[in-house]
Every structure is written in structure tokens, then in C-alpha cells.
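Residue-level structural notes
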Amino acid sequence: MTDQYAVIGQPIGHSKSPLIHGMFAEATGQDMAYRAIEGSRESFRAQLDEFRASGGRGMNITAPFKLDAFAYAGRRSERATLAGAANALKFENDVVYAENFDGVGLVRDVTHNLGCALKGKRILMLGAGGAARGALLPFLAEKPALLLIVNRTLSKSSQLVSEVRSDIPLTSSGYGDLAGQHFDLVFNATSASLSAELPPVPATVFANCELAYELAYGKGLTPFLRLARNAGVKRIADGVGMLAEQAAEAFAWWRGMRPDTRLVIEKLTVPLG
């Protein structure tokens, strides 16, 4: 019997997950089907109950349901707990497991696909929302020299930092405190690029920067990446690799084997200007 998987979100028509997992299943010879489900805020839990009752084995979760999925689960990983959100669920008997692979996928893309080490580097993360929360533990596991989280609302980034115990210098600040500081890697985890806006980050942070990374994908040369390129950053990237790698982590969690992501990344990559 073909195992059933799905992604749920609202809207969901733009999702690349059915394509990605279809390619993974074909490459690894897995007997599985994967579909997209248009979620409903009013009946999200009922939709998950129905999918499980029909034999569903696992689900990816996208906006705006990551918090709801976290609450739905009975067992949650440390990464999901820190993020307060789940982007993947696994159904085994009567137990629902929650995971968050966004940060793991991001680190994998940066270190493996882009060949850029995080160890010993000064890292700047713009934004303190779900994407930044998901990345925090995987980033710290790489032992950077510094991780600074910047947010428009300082209390939000300060709260995030206060929730983590780390022997790595982990600090927070507002954008106004960035003057005169520079970093080896800069990540944009804000939603600004979704509306073609630029976070209020000074170009000076890119002095000697090795990599500027936009977590959004498929947007081409966003205002953030354009600022970095104009500031002299030689290497820029968007989140297509992160998308593929977090999907591969979920696939491995469900199926017990990790697929190669190269063909998926090649197929989904949009030129950055």
C-alpha cells in the first residue's frame, strides 16, 4: 500500500513540496504519494485528524499553521520547542511527533552546498521571528565566534536570546546599534523581501562579509541581496538550498534515508540578477 504524505498551508498552490518529495521518492525508489492540502484556520485540527485517519504517515507544515502544528503534536523536539513551531509532523500509531528542520536545512545549505563554514565566524541574523528561532540551535552547534540577532522590536530579539543557554556569545540589539560593526556572514530572516522591502540594515555591516544569505527563495535579486552586492559582497544566495535541505531532512525522518538534493536545487534555482 502506498504511504501517504502531504503539505498543508494557506495558500498552498505555490508550494514546491509535492515536486520536491516526488523527485526524492523517484530517486530513492520509495512507494509513497505526496499531495498539497489547502488548510483552513477554522478546521485545521480536523483536517489533520482526517489525514491521519486515512492512513497519513507524515506532513510538512507551512504558513500560517506552524504554531498550530506544534500545539497539535504530543511529542516535540528541542528545536521545535525553542522555535515554538513545527514544519514537519510524523504520525506513528497514536503519537504525533513534531520537528523543525528549517534551521538544520539552512546550516546544511551554507556549510555543505555553499562550502562556507560557520565555526569561528561573526554572524548577523536579521529578524527574530520563526525563521530565526528555528535556526538558532543549529547555528550555535556550529560554534560561531558570535551570533547577533537584530530586530525592529528589541524586546523580541532579547526574549529569544534569553531563552537559550550557550557558551557562544549570543546577543541581541536593534538596527540602530549596528553602526561600526561588521560580520563574516549576514542572514536576512525577516519578511521584508516578500514585499520587496529592505530591512534598515547599514551597508557597513557587509565590510569583509563572505556571504549574504536571503532566507526567502525564488525572488531573484531582493533589496537585501542588492545592498550586499553593492557593498562588495562576492557571494550571495537565496533560500532555495535551505528549502531543499529541510525537505530532505523531513524525508529522512519519515523514510529512513536521506536523498541527494542537487537535482532539486538545480531545478528550483532562480538567477539572482
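Residues numbered from 1 in each chain as written. Predicted model: local features only at pLDDT ≥ 70, side-chain atom pairs only at ≥ 80, totals over all residues. Heavy atoms only, no water.

**Remarks on the sheet that holds strand 9 (residues 170–173)**
Rules: Strands are treated as partners if at least two bridges between them are detected by DSSP. A run of H or I in DSSP counts as a helix once it spans at least four residues, and a run of E counts as a strand once it spans at least two, with each numbered from the N terminus. Whether two residues touch is decided by their heavy atoms; if any such pair falls within 4.5 Å, the residues are in contact. The convention used is that axes are lines fitted to C-alpha atoms, helices contributing only their stretch in contact, and that angles between N-to-C directions extend from 0 to 180 degrees.
Strand order in this open sheet of six strands is 9-8-7-10-11-12, and the pairing throughout is parallel. At either margin of the open sheet sits one strand with a lone partner, and together these are strand 9 and strand 12 (236–237). Pairing analysis gives two bridges linking strand 11 (residues 211–214) to strand 12, with the strands arranged parallel. Residue pairing for strand 12: Ala212 is matched across the bridge by Ile236. Each of strand 7 (122–126), strand 10 (185–188), strand 11 and strand 12 touches helix 8 (residues 223–230); the most contacted strand, strand 11, lies at about 170° to it.

**A short note on the packing of aromatic side chains**
Heads up, the rule is: By convention, a stacked pair of Phe, Tyr or Trp rings (six-membered ring in the case of Trp) has centres within 6.5 Å and planes under 30 degrees apart, an edge-to-face pair has planes over 60 apart, and any other such pair is tilted. Only protein chains enter the accessibility calculation, which uses a 1.4 Å probe; a residue whose area is less than 20% of its type maximum is buried, one above 50% is exposed, and one in between is partly exposed. Put simply, a charge is over a ring when the Lys NZ or the Arg CZ is close to the ring centre, within 6 Å, and near the line of the ring normal, within 35 degrees.
The full count for this structure, using the stated rule, is eight aromatic pairs. Ring centres 5.6 Å apart and planes at 70° place the aromatic pair Phe24 and Phe251 in the edge-to-face group. Here Phe251 lies in helix 9 (residues 240–255) and Phe24 lies in helix 1 (residues 17–28), a separation of 227 residues in the sequence. Assigned by exposure class, Phe24 and Phe251 land together as buried. Through pairs of rings, three or more aromatic residues link up here, namely Phe139, Phe187 and Tyr213. The ring of Phe183 is capped by Arg122, whose NZ or CZ atom sits 5.1 Å from the centre of that ring.

**Some thoughts on the sheet that holds strand 4 (residues 75–76)**
With mixed pairing, the six strands of this open sheet are ordered in space as 2-1-3-5-6-4. Because the sheet does not close on itself, it has two edges, and the strands there are strand 2 (32–38) and strand 4. Two elements, strand 3 (residues 56–61) and strand 5 (residues 88–92), share three bridges in a ladder whose sense is antiparallel. Residue pairing in the sheet places Asn60 in a bridge with Ala88 of strand 5. Contacts between helix 9 and the sheet are confined to strand 1 (3–9), strand 2, strand 3, strand 5 and strand 6 (95–99), with strand 5 contributing the most and set at about 5° to the helix.

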